[in-house]
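Read off the chains here:
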Amino acid sequence: MNVPPTDAKRNRNRVMLLAIFALFFGSMLVAGALRFSGWRPHGMKNHGELLQPPGDLRQVVPRLADGKPYEWRPAERLWRIALAPPAECTAACVKLARDLDTVWQLFGKDADQVHILWIGQPPAGAAHPTALRIVQPSPQLRTGLPRLDDPKGVPVYVIDPNGFVILRYAPGFDPADLREDLSRLLKLM
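On a predicted model such as this, the values are computed, not experimentally measured, just so you know. (Residues numbered from 1 in each chain as written. Predicted model: local features only at pLDDT ≥ 70, side-chain atom pairs only at ≥ 80, totals over all residues. Heavy atoms only, no water.)

## Digging into the pattern of salt bridges
Stage number 1. Under the defined criterion, the tally for this structure stands at 9 salt bridges.
Stage number 2. Between Arg73 and Glu76 there is a salt bridge, and its shortest N-O distance comes to 3.0 Å.
Stage number 3. Residue class for Glu76 comes out partly exposed when judged on its relative accessible area of 39%.
Stage number 4. Ionic pairing is found between Arg142 and Asp149, a salt bridge with its closest N-O pair at 2.8 Å.
Stage number 5. Judged by its relative accessible area of 31%, Arg142 is partly exposed. (Salt bridge = Lys/Arg side-chain N within 4 Å of Asp/Glu carboxyl O. Buried < 20%, exposed > 50% of the residue type's maximum accessible area, 1.4 Å probe, protein only.)

## What about the environment of Leu148?
Stage number 1. With respect to the helices and strands, the residue Leu148 is situated in the loop between helix 3 (139-143) and strand 5 (156-159).
Stage number 2. Judged by relative accessible area, which is 8%, Leu148 ranks as buried.
Stage number 3. Along the sequence, Leu148 and Ala84 sit 64 residues apart, while their C-alpha atoms lie 7.5 Å from each other.
Stage number 4. Residues within four places of Leu148 in sequence aside, it is in contact with Ala84, Arg142, Pro155 and Tyr157. (Helix = DSSP H or I, 4+ residues; strand = E, 2+ residues; numbered from the N terminus. Contact = heavy atoms within 4.5 Å.)

## Some points on the state of the cysteines
Stage number 1. With the rule as written, the count across this model stands at 1 disulfide.
Stage number 2. Between the sulfur of Cys89 and that of Cys93 lies a disulfide, 1.8 Å long from S to S. On the sign convention where negative is left-handed, the bridge of Cys89 and Cys93, at about 110 degrees about the S-S bond, is right-handed. For the pair Cys89 and Cys93, a shared accessibility class is recorded, and that class is buried. (Disulfide = S-S within 2.5 Å.)

## Thoughts on the sheet that holds strand 4 (residues 132-135)
Stage number 1. Pairing in this open sheet of 6 strands is mixed, and the strands run 1-6-5-2-3-4 from one edge to the other. With one partner strand each, in any of the chains shown, strand 1 (49-56) and strand 4 form the two edges of the open sheet. Shown here is a sheet whose adjacent strand axes are inclined to one another by a mean of 30 degrees, direction ignored.
Stage number 2. Sheet topology places strand 2 (residues 79-83) next to strand 3 (residues 114-119); 5 bridges connect them, and they run parallel. In the sheet register, Trp79 faces strand 3, and the bridge partner there is Val114.
Stage number 3. In the packing of helix 2 (residues 91-105) onto the sheet, the strands contacted are strand 2, strand 3 and strand 5, and the crossing angle to strand 3 comes to about 165 degrees.
Stage number 4. Helix-sheet contacts for helix 4 (residues 175-188) involve strand 2, strand 3, strand 5 and strand 6 (164-169), and the interaxial angle to strand 6 is about 150 degrees. (Pairing = 2+ DSSP bridges. Axes fitted to C-alpha atoms, helices over the stretch in contact; angles between N-to-C directions.)

Structure representation (structure tokens):
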């Protein structure tokens, strides 16, 4: 024997169905609005400037200070931190070298996956971690590093394993930001 539902019960079921519908499609609508407005959760944002389009150094073969070529070799999955300070950079570059050495050491087991490319000659007193590669300056290399000649100081770049310059850190950046961004990138590999 089927008992017909009462009007109150039918209305309550309809309201529940509409509420479920609103929850499901409303959350999708809010997520879509946030996505297309450009909002991202704080933990998903990088601290360095994401270069669009990235600098392309794939065709450039930098030369180390001893004249040997420094090839990108994407299969090795090496990330690079690059900087090209002017020759007259002394005290600020010694501090920057110390900061980059600290960042490199904090990578721990992943430190083998990061090289520091110093384009030009580091000043006396600068840290020389085992990851440091002193590279001869070249116009092609400098051209691949966007906004290199910053009047505020020395910018630092992150280069992916293929030779694309993907992140730029403005002069005076917080080294912890570089470490956090590069740590995330190292986990991707």
